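Structural characterization, general
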Amino acid sequence: MIAAALGLLVDELREIVGPDGVLAARPDLLVFECDCYQIEKNSPDVAVFPRNTDEVARVVRAAGRHGVPIVPRGAGTSLSGGTLAVGGGLMLILTRMKRILEINVRDRYAVVEPGLVNAWLNQALKGTGYHYAPDPSSQGACTIGGNVATNSGGPHTLKYGVTVNHILGLEAVLADGRVVQFGGPAEDSPGLDLVGALVGSEGTLAIVTKVWVRLTRNPAGVRTVLGIYDSIDAATNTISQIIGAGIIPAALEMMDHGILAAVEQAFHVGFPLDAQAVLLIEVDGLEAGLDEQRDRILDICRQCGVRSVRPARDANERLLLWKSRKQAFGAIGRLSPNYCTQDGVVPRTKLPQMFRRIIEIGKKYDVRIVNVFHAGDGNLHPILLYDEREPGVIQRVLKASGEILDECLACGGSVTGEHGIGVEKIAYMAKMFTADDLAAMERLRAAFNPDNRLSPAKMLPTAGGCGVEQIHPARRAAL
């Protein structure tokens, strides 16, 4: 029984990481009862803060001796319940492991610990001529270990790719406490691509303790364009026309009318509050040809019925535009006390259809939905606003979310582009994959995590609640 083992385990953990590295009192653990997916909540029974790989390995072995499940956690910015302690157990919090161990500009890689905040690496790279390309909107808070867990994307995914395209190697602790390395600083490591298997596995295969990341040369030039639209259809048609013209922007982002008021109130960008959508379009690369690309984008926007379109006036305005986009989620607090963010993907040409369907679903369930899209690659982020104190509203939000995801699948898309499956979308795995596909995934998990003690009840429906013993009641939202 987990409950009987906890007392002995806590004593062992304090010997491993020190008394200041263990939290076991119920009030102290409440802060870890959920991540940014606020609908499901459950506290761990103990939280541990290791400082290095050796301590992680010893903690994993100690938990194994007592049969206690482990959930790794970084900054807790997951939007799918990826760090929810479903059955209680031990939460392994990696935020103390936040060092940059090496920056090698000559060979274009850096080595970092998993608790390093994404934006800190680029701050350290200033002046080198290089940057780390993956830039989730939460990059000022999220950790690189968490980005690895969910294969995070971000606004510049369209041109530069997602996290897995920038990971060269990983050091990880397996479920039995062994420390192993997959890949490394070389561009192409021999053997199976186990780095590719681990990135996006959401802590169900191993606990990452070190990351070799690829560095990307800074572009010589950047051009940023802002388009204001009176019609969602005109905005989404512009997106397809730009790609169809053979232009691959570094980023192509859209915000709808619902969120513009909050963003404008927060950042004073100058967005007209009666606009139905804005597009933020950026091209980068060699200076030669950038002005031509920018002018072609301006022409396409006008042909598609834009109300007004213009380039960013200077570097300061460009930074303000990106600040408004990347911190749009922070502005949502001006609209609602709670929100649930979805993460579907559809073909770009299906964006108008998808947006109309989102509006219909919001009306059907009486749920206000605002939208921020990584529109260039069809990655939708409908944001469902609610107040969890309102009776019955969580059930309506869940039903509306489900119908949005079903529509994404019906359009030939996916139920996640970068937020992961976590606990939120387990039921949709059987809708996206065949039974044989899921069985193969389960066999891979069993090879790495045979007792299902790492992040149990996550991602795969076949894992369900196997081996997860609930020793205190979970709850759905705060009452």
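Anything mentioned here points back to the structure above.
A brief structural summary.

Rules used throughout
Residues numbered from 1 in each chain as written. Predicted model: local features only at pLDDT ≥ 70, side-chain atom pairs only at ≥ 80, totals over all residues. Heavy atoms only, no water. Helix = DSSP H or I, 4+ residues; strand = E, 2+ residues; numbered from the N terminus. Rg over C-alpha atoms; globule rule 2.2 N^0.38 Å. Buried < 20%, exposed > 50% of the residue type's maximum accessible area, 1.4 Å probe, protein only. Contact = heavy atoms within 4.5 Å. Lys, Arg positive; Asp, Glu negative; His and termini not counted. Charge placed at Lys NZ, Arg CZ, Asp CG, Glu CD. Expected span 1.5 Å × (residues − 1). Arc of directions from axis to C-beta. Axes fitted to C-alpha atoms, helices over the stretch in contact; angles between N-to-C directions. Parallel < 35°, antiparallel > 145°, perpendicular 65-115°, else oblique. Left-handed = near helix turned anticlockwise from the far one by under 90°. Nonpolar A, V, L, I, M, F, W, Y, C, P; charged D, E, K, R; others polar. Phe/Tyr/Trp six-rings, centres within 6.5 Å; stacked < 30°, edge-to-face > 60°. Salt bridge = Lys/Arg side-chain N within 4 Å of Asp/Glu carboxyl O. Pairing = 2+ DSSP bridges.

Another aspect to go through is the overall build of the protein. Per the secondary structure count, the protein includes 16 helices and 20 strands. Relative to its length of 479 residues, the protein is compact, with a C-alpha radius of gyration of 23 Å against a globular reference of 23 Å. For the C-alpha atoms alone, the extent of the protein along its principal axes is close to 70 × 60 × 45 Å. Counting only residues that meet the buried cut, the protein has 58% of its 479 residues in that class. Long-range contacts, defined as pairs at least 24 residues apart, comprise 72% of the intrachain contacts of the protein with a sequence gap of at least 6. Counting 49 positive and 53 negative side-chain charges, the protein places the averaged centre of each group 2 Å from the other.

Attention shifts here to helix α16 (residues 435-448). One turn of the α-helix equals 3.6 residues, which is why residues spaced by three or four share an orientation. With 14 residues, α16 extends 20 Å from end C-alpha to end C-alpha; this agrees with the ideal 20 Å at 1.5 Å per step. Turning to α16, its buried residues number three or more, namely Leu 438, Arg 445 and Phe 448. Seen from one end, α16 has its buried residues packed into an arc of 80 degrees, which puts them on one side. Exposed and oriented more than 90 degrees from the buried face of α16 are Ala 435, Asp 436, Arg 443 and Ala 447.

It is the contact of helix α13 (residues 351-365) with helix α14 (residues 393-410), at a shortest axis distance of 10 Å, that shows an interaxial angle of 160 degrees. The angle between α13 and α14 places the two elements in the roughly antiparallel class. Considering how the two elements wind past one another, α13 and α14 form a crossing that is right-handed. Here Gln 353, Met 354, Arg 357, Ile 358, Ile 361, Lys 364 and Tyr 365 of α13 come into contact with α14, specifically with Arg 396, Lys 399, Ala 400, Glu 403, Ile 404, Glu 407 and Cys 408. By residue class, the composition of the contact of α13 with α14 is seven nonpolar, one polar and six charged.

Any two aromatic rings considered together are summarised by their centre-to-centre distance and by the angle between their planes. For the coordinates displayed, the defined rule picks out four aromatic pairs. Ring plane angle 50 degrees and centroid distance 6.2 Å describe the contact between Phe 182 and Phe 448, whose orientation is recorded as tilted. With Phe 182 in strand β10 (residues 179-183) and Phe 448 in helix α16, this pair connects stretches of sequence that are 266 residues apart. Classification of Phe 182 by relative accessible area gives buried; the value is 12%. Accessibility expressed as a relative area gives 12% for Phe 448, which makes it buried.

A few words on the pattern of salt bridges. With the rule as written, the count across this model stands at 29 salt bridges. The closest approach of N and O atoms between Asp 284 and Lys 159, which form a salt bridge, is 2.6 Å. Here Lys 159 lies in helix α6 (residues 157-160) and Asp 284 lies in strand β15 (residues 277-285), a separation of 125 residues in the sequence. Residue Asp 284 is classed as buried on the basis of its relative accessible area of 10%. Connected via shared salt-bridge partners are Arg 223, Glu 287, Asp 291, Arg 294 and Asp 295.

With that out of the way, let us pick up the sheet that holds strand β3 (residues 46-48). Sheet architecture is open: four strands sit in the order β1-β3-β5-β4, paired in mixed fashion. Among the strands making up the open sheet, the edge pair consists of β1 (22-23) and β4 (70-73). Across four bridges, β4 lies against strand β5 (residues 90-93) in parallel orientation. Pairing of Arg 73 across the sheet is with Ile 93, part of β5. Packing of helix α3 (residues 53-65) onto the sheet brings it into contact with β3, β4 and β5, and relative to β5 it is tilted by some 175 degrees.

With phi around 55 degrees, Asn 151 is a residue other than glycine that occupies positive phi space. Inspection of the secondary structure assignment puts Asn 151 in the loop between α5 (144-150) and α6. The phi dihedral of Glu 202 is positive, around 55 degrees, even though this residue is not glycine. For Glu 202, the position within the fold is in the loop between α7 (194-198) and β11 (207-214).

Strand order across the open sheet formed by seven strands is β16-β13-β15-β14-β18-β19-β17, with antiparallel pairing between neighbours. In this open sheet, the two edge strands, each paired with only one partner strand, are β16 (308-311) and β17 (338-341). Here the strands of the sheet are splayed against their neighbours by 15 degrees on average, with no regard to which way each runs. Sheet topology note: the strand β18 (residues 368-374)/strand β19 (residues 379-386) ladder contains seven bridges and is antiparallel. The partner of Val 370 across the bridge, within β19, is Ile 383. Its contacts with the sheet place helix α8 (residues 232-244) against β13 (221-229), β14 (251-256) and β15, and it is angled at close to 175 degrees to β14. Across the face of the sheet, α14 comes into contact with β17, β18 and β19 while running at roughly 165 degrees to β19.

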